[in-house]
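Here is what each chain is made of, one letter per residue.
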Amino acid sequence: MQSTDPSCQCDSLPLGNPACGQDARQTQERLAFLRRAARENWISIVSFLLFLAAWELICRLDIIGPYQLVPPSQVIWVFFDKFVNPNPDGAVLQHHIVTSLIVSLSGFGAAAVIGVPLGLLMGWYKPVNMLVRPLFDAVRPIPPIAWIPIAILWLGIGLWAKAFIIFLAAFVPCVINSYTGIRLTNPVLIRVARIYGASNWETFLKIGAPSSVAMIFTGLKLSLNAAWTTLVAAELLAASQGLGYMIQIGRRLARPDIIIVGMLTIGFTGALMSVALTFIESRFASSRKLNI
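Because the structure is predicted, anything quoted here is derived from the model rather than measured.

Student: What should I look at first to understand the overall build of the protein in this one?
Tutor: Counting its secondary structure elements, the protein contains twelve helices and zero strands. Of the regular secondary structure in the protein, the N- to C-terminal order runs α-α-α-α-α-α-α-α-α-α-α-α. Expressed as a percentage of its 292 residues, the buried residues of the protein come to 36%. In the protein, once contacts between residues fewer than 6 apart in sequence are set aside, the share between residues at least 24 apart is 69%. Accessible surface, the protein as shown: approximately 17,800 Å² in total, 68% of it carbon and sulfur.

Shown next as structure tokens:
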């Protein structure tokens, strides 16, 4: 009886069959890749564990006082405890995360909606660039934190003031990368489009904008990073919830465990949002490739 085991299918094929040799080579390459990855990850894991052990030992030996640094075991305990315990800042961790996401994504969304089209238009149409560039160059060097006092005067201390600060931080990378992306459009493609009778607007939509997708998403990633890192400064505006507010309460109460939990949560959440944006980029960019 002939064997039905898939692993034995190559046994019934003639010797020297190229399919079997190719499958064997692919299997060997996968095993080699897994071995290399295991070695690299093993080194990384060991180094990280040594770092945690040194951190724990320094705190346990009171080399650094408890009001300055706490051991990682306490940080982990406080992290999980904050999911059910609203003390000392008045809210559980998931509420702080949602509040911070609303604030940061509001500012980031406004920056993307306004900054990306503005950068594309500035790079494609010279009159738009001449009109907007002086004002943009004047505003760009001003740190977003410097806008906090005037944001309070204009918008109060609510969501809009915080979103405005984050908008200013995220707006500049969107404009600059969109402008650079469309300026790098292949001039040969532009000439071909015009030879075939495409208008300037049609060339902008079908050639310029699609060719700028990679740079646009690079700008969005930088903008998202700027928005998320400006979060603590934005939540200085009399916030009652949010990760930045939680860090401020930890500072006032001399609770380094609360501060570190807030910092790590900001880092993990920002990394997840960056991964999500990278996934959107891979799906969007593959559907917008130029067909030449």
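Student: Would you take a moment to explain the nonpolar core for this structure?
Tutor: Ile165, Leu220 and Leu243 are the most contacted members of the largest nonpolar core, which totals 56 residues. In terms of residue count, the dominant contributor to this core is helix 6 (residues 159–183) (13 residues). Contacts of Ile165, omitting those with residues within four sequence positions, involve Pro144, Trp147, Ile148, Ala151, Thr230, Ala234 and Leu237.

Student: What am I meant to see in the packing of aromatic side chains here?
Tutor: In this description, a pair of aromatic rings is defined by centroid distance and the angle of the planes. Under the criterion given, the structure shown has ten aromatic pairs. With a centroid separation of 5.9 Å and an interplanar angle of 50°, the aromatic rings of Phe51 and Trp55 are classed as tilted. Within this pair, Phe51 and its partner Trp55 are both found in helix 1 (residues 18–60), separated by four residues, close to a single helical turn. With a relative accessible area of 47%, Phe51 lands in the partly exposed category. A centroid spacing of 5.3 Å and a plane angle of 80° characterise the contact between Phe79 and Phe80, whose relative ring orientation is edge-to-face. Among the residues examined, Phe79 registers a relative accessible area of 24% and is labelled partly exposed. A relative accessible area of 55% means that Phe80 is categorised as exposed. Each member of the aromatic cluster is reached from another via a ring pair, and the members are Trp124, Tyr125, Trp201 and Phe204. Between the NZ or CZ atom of Arg133 and the centre of the ring of Tyr179, over which it lies, the distance is 5.3 Å.

Student: I'm lost on the packing of helix 4 (residues 126–139) against helix 6 in this one. Help?
Tutor: Running from N to C, helix 4 and helix 6 point in directions that differ by 145°, and their axes come no closer than 13 Å. At the point where helix 4 passes helix 6, the crossing takes the left-handed sense. Here Asn129, Arg133 and Phe136 of helix 4 lie close against helix 6, whose contacting residues are Phe171, Val172, Val175, Ile176 and Tyr179.

Student: I tried to follow the confidence of the model for the protein on my own but got confused; where do I start?
Tutor: Low-confidence regions, as indicated by low pLDDT, have predicted coordinates that should not be scrutinised in detail. Summarising the model, the protein shows a mean pLDDT of 83, and 86% of its residues fall at 70 or more. Low pLDDT, under 50, characterises residues 1–16; the predicted model gives this stretch four contacts beyond four residues in sequence or across chains.

Student: Is there a simple way to explain unusual backbone geometry in this structure?
Tutor: Peptide bonds are mostly trans, and most non-glycine residues show a negative phi. Geometrically, the link from Asn87 to Pro88 is a cis peptide bond, its omega value of 5° lying close to zero. Here Pro88 lies in the loop between helix 2 (72–81) and helix 3 (93–124). The phi dihedral of Asp62 falls on the positive side, at around 60°, and the residue is not glycine. Here Asp62 shows up in the loop between helix 1 and helix 2. The residue Ala254 is not glycine, and still its phi comes out positive at about 55°. In this fold, Ala254 is placed in the loop between helix 11 (243–252) and helix 12 (256–287).

Student: Quick question: what am I supposed to make of helix 2 here?
Tutor: Spacing of three or four residues puts side chains on the same side of an α-helix, whose turn is 3.6 residues. Residues of helix 2 that are buried include every one of Pro72, Val75 and Val78, and no others. Take helix 2 and look down its axis: the buried residues cluster within an arc of 120°, on one side only. Helix 2 presents Trp77 and Phe80 as exposed residues on the side facing more than 90 degrees away from its buried surface.

Student: Hey, could you run me through the environment of Phe108 in this one?
Tutor: Inspection of the secondary structure assignment puts Phe108 in helix 3. Through-space distance from the C-alpha of Phe108 to that of Ala170 is 5.8 Å; in sequence the pair is 62 residues apart. Leaving out residues up to four positions away in the same chain, Phe108 has contacts with Ile166, Ala170, Leu220, Ser223, Leu224 and Ala227.

The rules behind the values
- Residues numbered from 1 in each chain as written.
- Predicted model: local features only at pLDDT ≥ 70, side-chain atom pairs only at ≥ 80, totals over all residues.
- Heavy atoms only, no water.
- Helix = DSSP H or I, 4+ residues; strand = E, 2+ residues; numbered from the N terminus.
- Buried < 20%, exposed > 50% of the residue type's maximum accessible area, 1.4 Å probe, protein only.
- Contact = heavy atoms within 4.5 Å.
- Areas by Shrake-Rupley, 256 points an atom, 1.4 Å probe, with all protein chains shown as cover.
- Core = buried A, V, L, I, M, F, W, Y, C linked by side-chain atoms within 4.5 Å.
- Phe/Tyr/Trp six-rings, centres within 6.5 Å; stacked < 30°, edge-to-face > 60°.
- Lys NZ or Arg CZ within 6 Å of the ring centre and 35° of its normal.
- Axes fitted to C-alpha atoms, helices over the stretch in contact; angles between N-to-C directions.
- Left-handed = near helix turned anticlockwise from the far one by under 90°.
- pLDDT = per-residue confidence, 0-100.
- Arc of directions from axis to C-beta.

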